[in-house]
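# Analysis of the macromolecular model
The primary structure of each chain is shown beneath.
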Amino acid sequence: MPVNPDAQGRSYGPHEPYEVSRAKIREFADAVDARSFAHRDVDAAQAEGYADLVAPSTFAVVIAQRAEFHVVQDPEVGVDFSKVVHADERFTHHRPIVAGDEISTTIHIDRIVSRGGVSTVTTRAELADLDGAPVATVLSTLAVREDA
Amino acid sequence: MSDQDAPSFEGLEKGQIVATREVGFTRDSLVRYAGASGDFNPIHYNDVVAQSVGLPGVIAHGMLTMGTAASVVEEWAGPGNVVDLQCRFARPIPVPNPGEATVMFTATVGSLDDETRTARIDVTVELDGQKVLVKAQALVSCA
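Not measured: the values here are computed from a predicted model.

### Considering unusual backbone geometry
With the exception of glycine, most residues fall at negative phi, and the peptide bonds are largely trans. Following A:Gly13, the chain continues into A:Pro14 via a peptide bond in cis, with omega recorded as 5°. For A:Pro14, the location among the structural elements is in the loop between strand 1 (11-12) and strand 2 (18-19). For the bond from B:Asn97 to B:Pro98, the omega torsion is 0°, close enough to zero to count as cis. Residue position: B:Pro98 is located in the loop between strand 2 (82-89) and strand 3 (101-113). At B:Asp128, a position not held by glycine, the phi torsion is positive, near 50°.

See the structure below:
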């Protein structure tokens, strides 16, 4: 079944804010082979001008994917997660993410296109701090096969 | 953004290679990334599930590949100076068990903007000589 084209334009959230911990930044940095001491040592991070441990630039996906889950889980959108492949991804950072940040996310379904047995769903996650100041914008496109 | 760790704009030239890295992705790498990111799609750890959806077997998370590409750029650029990062996932990286998938990352200056003092870094990511990411680009804010 194709993804429901009428879901284009929907928004979800913001949901409970995500608290960025030092432990998660270190764990994520290890997983993506990010080698800067500024991900691991608070003194090193502060010496480079950050308030606390700085996150690798794709760390925002940890927060954005939690929000994308609301889209994938919505039965009215109709994404079959077993038939999904990741097509593209883009991060625009309005400022670096650091440990101690509390980040809320609103996710928008920007575009749904169905063609040749494949639907592509583009979501835009807007990450903001508790004052509403923008932190990052994460664009993600999933390709969903309609057959097999 | 942090001026302290930003690379100097002066002296950069289009076509200059700023960083390279060879990384061996193993099943361990995938489990570690799953835990760190919260992406527990079973195609990244379960061969039966991966094959049932038409894949040759377990494949790496696209975001592990993109995240590693970002790390290669950030080792040169400083972690907080990548202001924009994008890529298209062109082909999957099958990860054998046992063994590893050896992936080559090369970061090159793609273009320079004098006005904003930013450098566009193009990252080539290859497995067995074939590109796995397309249009992998990082915009770096320089000092």
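### Topic: the interface of chain B and chain A
Taken together, the contact between chain B and chain A spans 34 residues of the former and 35 residues of the latter. A buried area of about 2,800 Å², summed over both sides, lies between chain B and chain A, and 51% of it is on carbon and sulfur atoms. Its largest share of buried area at the contact with chain A, chain B owes to B:Ala36, B:Met63 and B:Pro79, together 18% of the area lost on that side. With its nearest N and O atoms 2.9 Å apart, the salt bridge here joins B:Arg21 to A:Asp33. Linking chain B with chain A are 14 residue pairs in polar contact (both at pLDDT 80 or more), by the criterion used here. The leading source of residues in the side of chain B that touches chain A is helix 3 (residues 62-77) of chain B, at nine residues. Along the lines of polarity and charge, the residues of the side of chain B that touches chain A split into 15 nonpolar, 11 polar and eight charged.

### Topic: the nonpolar core
A:Phe59, A:Ile97, A:Leu127, B:Val73, B:Ile93 and B:Ile121 are the most contacted members of the largest nonpolar core, which has 87 residues in total. Discounting chain neighbours no more than four positions away, the residues touching A:Leu127 are A:Ala60, A:Ile63, A:Ile97, A:Ile103, A:Ser104, A:Thr105, A:Ala133, A:Pro134, A:Val135, A:Ala136 and A:Val138.

### Re the UniProt feature "domain: MaoC-like" (unreviewed entry) in chain B
Here the UniProt feature "domain: MaoC-like" (unreviewed entry) sits at residues 19-107 of chain B. Within residues 19-107 of chain B, the helical portion is 37% and the strand portion 25%, while the C-alpha atoms at the span's ends are 5 Å from each other.

### Here we look at helix 3 (residues 60-73) of chain A
Residues and elements named next belong to chain A. Taking 1.5 Å as the rise per residue, helix 3 with 14 residues should run 20 Å; its terminal C-alpha atoms sit 20 Å apart, in good agreement. Maximal helix bending in helix 3 amounts to about 25°, located at arginine 66. Within the span of helix 3, buried status applies to Ala60, Val61, Val62, Ile63, Ala64, Ala67, Glu68, Val71 and Val72.

### As for the packing of helix 1 (residues 22-31) of chain A against helix 1 (residues 27-37) of chain B
Running from N to C, helix 1 of chain A and helix 1 of chain B point in directions that differ by 150°, and their axes come no closer than 9 Å. One element, helix 1 of chain A, and the other, helix 1 of chain B, form an angle in the roughly antiparallel class. Our pair here, helix 1 of chain A against helix 1 of chain B, has a crossing hand that is left-handed. Contact with helix 1 of chain A, carried on its side by A:Lys24, A:Glu27, A:Phe28, A:Asp30 and A:Ala31, involves B:Arg32, B:Tyr33, B:Gly35, B:Ala36 and B:Ser37 of helix 1 of chain B and no other residues of that element. For the contact of helix 1 of chain A with helix 1 of chain B, the residue count by class is four nonpolar, two polar and four charged.

Cut-offs applied
- Residues numbered from 1 in each chain as written.
- Chains lettered and ligands numbered in written order.
- Predicted model: local features only at pLDDT ≥ 70, side-chain atom pairs only at ≥ 80, totals over all residues.
- Heavy atoms only, no water.
- Helix = DSSP H or I, 4+ residues; strand = E, 2+ residues; numbered from the N terminus.
- Contact = heavy atoms within 4.5 Å.
- Buried area = accessible area lost by both parts, 1.4 Å probe.
- Salt bridge = Lys/Arg side-chain N within 4 Å of Asp/Glu carboxyl O.
- Polar contact = N/O pair within 3.5 Å; in protein donor to acceptor, adjacent residues only side chain to side chain.
- Nonpolar A, V, L, I, M, F, W, Y, C, P; charged D, E, K, R; others polar.
- Core = buried A, V, L, I, M, F, W, Y, C linked by side-chain atoms within 4.5 Å.
- Buried < 20%, exposed > 50% of the residue type's maximum accessible area, 1.4 Å probe, protein only.
- UniProt positions renumbered as here; feature names shortened; annotations may be inferred.
- Expected span 1.5 Å × (residues − 1).
- Bend = angle between axes of the 7 residues up to and from the residue.
- Axes fitted to C-alpha atoms, helices over the stretch in contact; angles between N-to-C directions.
- Parallel < 35°, antiparallel > 145°, perpendicular 65-115°, else oblique.
- Left-handed = near helix turned anticlockwise from the far one by under 90°.

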